[in-house]
Amino acid sequence: MRTLPQLELHVAHACNLACESCAHYSNHGHAGLLDPAEAAAWMDAWHGRIAPRTFSLVGGEPSLNPRLAEFMPLVRARWPETAIRIVSNGWFLHRHPDLPARMAADGNAALFLSVPHASPEYRARLAPVEALLEGWRRDHGIVVGRYESHARWTRRYRGFGPAMAPYADGRPRRSWERCVARDYPQLHAGRLWKCPAIAYLGLQDARFGLPHAWRPYLDYRGLAPDCDDAALAGFLAAEEEAVCGMCPADPERFEPPSPLRAHRRDAAPA
Ligand code: SF4
């Protein structure tokens, strides 16, 4: 059994927001909800080999999955000691009135509100979400945290949709050293992936047909559950890899436009 600090699971690829240069590509209008039965099969394949200290239900926006609460007992049944986190932008948590009671019953589940924009307009519109979460905290005693995710926001790739381009700075070590996503491996399609940027790159290719420059990175396949122990140990210990070459060696801070806008119209149809 190998311990890892963190493991994330996309329970929805779709997102109601459109944060420019999202590391999960959730600003690109992807669809798709994970079925709990499929997630259970993925977990079964790794249960007994890995033990994540924290297991995060993410997306996309996880609350777009109407079966969100069903994923918690799946995780708990396999990893009794793990801390479960739900990371949400909050807008649709009101669709899950049973969630706080189920989190409270779990005993080691927390909800983190991700705040991707610092504008007064965004904060004002978040007020009903904050009121809802305050009620959950008061009435159910659940732990509610907050990520000011805009504070670390950098450009992860150039361009958008079919015109998206990798950085290809040729300094993968420096890209990895300065990467804010490097500690977030993903469980996706039954495999372990180094980070969201490589896990969901295939979704981008399927939707847009990415340019040739992405081919070397699209060849990355993630780690299959029938791998041997040496391969698993190597995966967990790996620092920079060739795929890190797609990311910026000198991440650029920028002022992202409001994520409340509609998905970009120059995106290809689903
Ligand atoms: S490929 Fe490497 S540098 Fe890029 S997001 Fe993943 S871990 Fe970070």
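**Looking at the overall build of the protein chain**
- Within the protein chain, the regular secondary structure consists of 10 helices and seven strands.
- Projected onto its principal axes, the C-alpha coordinates of the protein chain cover approximately 50 × 50 × 30 Å.
- Split into buried and exposed, the 270 residues of the protein chain put 53% on the buried side.
- Taking as baseline every contact in the protein chain between residues at least 6 positions apart, the subset at least 24 positions apart corresponds to 80%.
- Counting every atom, the protein chain has about 12000 Å² of accessible surface; 54% of that belongs to carbon and sulfur.
- In the protein chain, the 32 positive side-chain charges and the 30 negative ones have mean positions that sit 3 Å from each other.

**A few points about the packing of helix α1 (residues 36–46) against helix α2 (residues 68–78)**
- Following both chains from N to C, one finds α1 and α2 inclined at 15 degrees, their axes separated by 10 Å at the closest point. With respect to their mutual orientation, α1 and α2 come out roughly parallel. As α1 runs across α2, the sense of the crossing is right-handed. When α1 is examined against α2, the residues P36, A39, A40, M43 and D44 are found in contact with a partner set consisting of E70, F71, L74, V75 and R78.
- Taken together, the residues of the contact of α1 with α2 break down into seven nonpolar, no polar and three charged.

**Notes on the confidence of the model for the protein chain**
- Looking at the protein chain as a whole, the pLDDT averages 94, with 96% of positions reaching at least 70.
- Overall, residues 263–270 carries pLDDT values under 50, and its contacts beyond four positions in sequence, including any with other chains, amount to 16 contacts.

**Here's the deal with the packing of α2 against helix α3 (residues 99–106)**
- Taken N-terminus to C-terminus, the directions of α2 and α3 make an angle of 10 degrees; their axes are 9 Å apart at the nearest point. What the angle tells us is that α2 and α3 run roughly parallel. Residues L68, A69, E70, M72, P73 and R76 of α2 pack against L99, R102, M103 and D106 of α3.
- In terms of residue class, the contact of α2 with α3 is built from six nonpolar, no polar and four charged.

**A short note on the side chain of R49**
- Summarising the element assignment, R49 is placed in the loop between α1 and β2 (50–59).
- Judged by relative accessible area, which is 17%, R49 ranks as buried.
- At a separation of 2.8 Å, a polar atom in the side chain of R49 contacts the main-chain carbonyl oxygen of C227.
- Here the side chain of R49 touches D229 through a polar contact of 2.9 Å, side chain to side chain.
- R49 has contacts with M1, R2, P225, D226, C227, D228, D229 and L232, leaving out every residue within four places of it along the chain.

**Focus: the pattern of salt bridges**
- As enumerated under the stated definition, the model contains 22 salt bridges in all.
- One salt bridge connects E20 with R155, and the closest N-O pair in it is separated by 2.9 Å. On the criterion of sequence distance, the pair formed by E20 in the loop between β1 (2–12) and α1 and R155 in the loop between β5 (143–147) and α6 (172–177) is long-range, its members being 135 residues apart.
- Judged by its relative accessible area of 21%, E20 is partly exposed.
- For R155, a relative accessible area of 19% gives the class buried.

**With respect to the sheet that holds strand β7 (residues 191–193)**
- Here seven strands make up an open sheet; going across it, the order is β5-β4-β3-β2-β1-β6-β7 and the pairing mixed. Edge positions in the sheet fall to β5 and β7, since each of these pairs with one other strand and no more. Strand-to-strand twist in this sheet, taken as the mean axis angle between neighbours without regard to direction, amounts to 30 degrees.
- Note that strand β3 (residues 83–88) and strand β4 (residues 109–114) share five bridges and pair parallel. Its bridge partner being in β4, I86 is matched across the sheet by L111.
- Those strands touched by α3 are β3 and β4, and its axis lies near 135 degrees from that of β4.

**Considering the layout of surface pockets**
- Looking at the largest pocket, its volume works out to about 840 Å³.
- Together, 35 residues line the largest pocket, and H24, V87, S114, S149 and W153 are the ones closest to its centre.
- For the lining of the largest pocket, the secondary-structure elements that each account for two or more residues are β1, β2 and β3.
- Split by residue class, the lining of the largest pocket holds 16 nonpolar, 13 polar and six charged.
- Lining the second largest pocket are 13 residues, and of these R182, D183, P185, L236 and A238 sit closest to its centre.
- Going through the elements one at a time, β1 and α10 (229–237) are the ones with two or more residues in the lining of the second largest pocket.
- Among the elements that take part in the lining of the second largest pocket, β1 stands out by supplying four residues, more than any other.
- Its residues assigned to classes, the lining of the second largest pocket shows eight nonpolar, two polar and three charged.

Quick notes on the rules
- Every chain is numbered on its own, with residues counted from 1 as its sequence reads.
- Reporting of local features is limited, given that this is a predicted model, to residues whose pLDDT is at least 70; pairs of side-chain atoms are given and counted only at 80 or more, and all residues count toward the totals for whole chains, interfaces and linings.
- Side-chain measures here rest on the full set of heavy atoms in the structure, leaving out hydrogens and waters.
- By the criteria applied, helices consist of DSSP H or I runs no shorter than four residues and strands consist of E runs no shorter than two, each listed in order from the N terminus.
- The cut-offs for exposure are 20% and 50% of the maximum accessible area for each residue type, with area from a 1.4 Å probe on protein chains only; residues under the lower value are buried, those over the upper are exposed, and the others partly exposed.
- It only takes one pair of heavy atoms within 4.5 Å for two residues to be counted as in contact.
- Using a 1.4 Å probe, accessible areas were evaluated by the Shrake-Rupley method; residue-level cover was limited to the displayed protein chains.
- For the purpose of charge, His is not counted, nor are the chain termini; Lys and Arg are scored as positive and Asp and Glu as negative.
- In this description, the location of a charge corresponds to atom NZ of lysine, CZ of arginine, CG of aspartate or CD of glutamate.
- Only the stretch in contact is used when fitting a helix axis, every axis being a line fitted to C-alpha atoms; angles between N-to-C directions are given from 0 to 180 degrees.
- These descriptions rest on fixed angle ranges, namely under 35 degrees for roughly parallel, over 145 for roughly antiparallel, 65 to 115 for roughly perpendicular, and the rest for oblique.
- Left-handed describes a crossing whose near helix is turned anticlockwise from the far helix by less than a right angle; the clockwise case is right-handed.
- Classification convention: Asp, Glu, Lys, Arg as charged; Ala, Val, Leu, Ile, Met, Phe, Trp, Tyr, Cys, Pro as nonpolar; all other residues, Gly among them, as polar.
- Confidence per residue, as judged by the predictor, is encoded in pLDDT with a range of 0 to 100.
- Pairing of N or O atoms within 3.5 Å defines a polar contact, subject to two protein rules: one partner must be a possible hydrogen donor and the other a possible acceptor, and residues neighboring in sequence count only if both atoms are side-chain atoms.
- Put simply, a salt bridge is a Lys or Arg side-chain nitrogen that is within 4 Å of an Asp or Glu carboxyl oxygen.
- Paired strands, in this sense, are two strands between which DSSP finds at least two bridges.
- A cavity, in this analysis, means grid points on a 1 Å lattice covering only the protein atoms where a 1.4 Å probe fits yet has no way out; a pocket is instead an open set bounded by protein on both sides within 12 Å along at least five of seven lines, and a residue lines either one if it has an atom within 4 Å of a point.
- Grid points are joined across faces, edges and corners, and a volume is the space filled by probe spheres set on the points.

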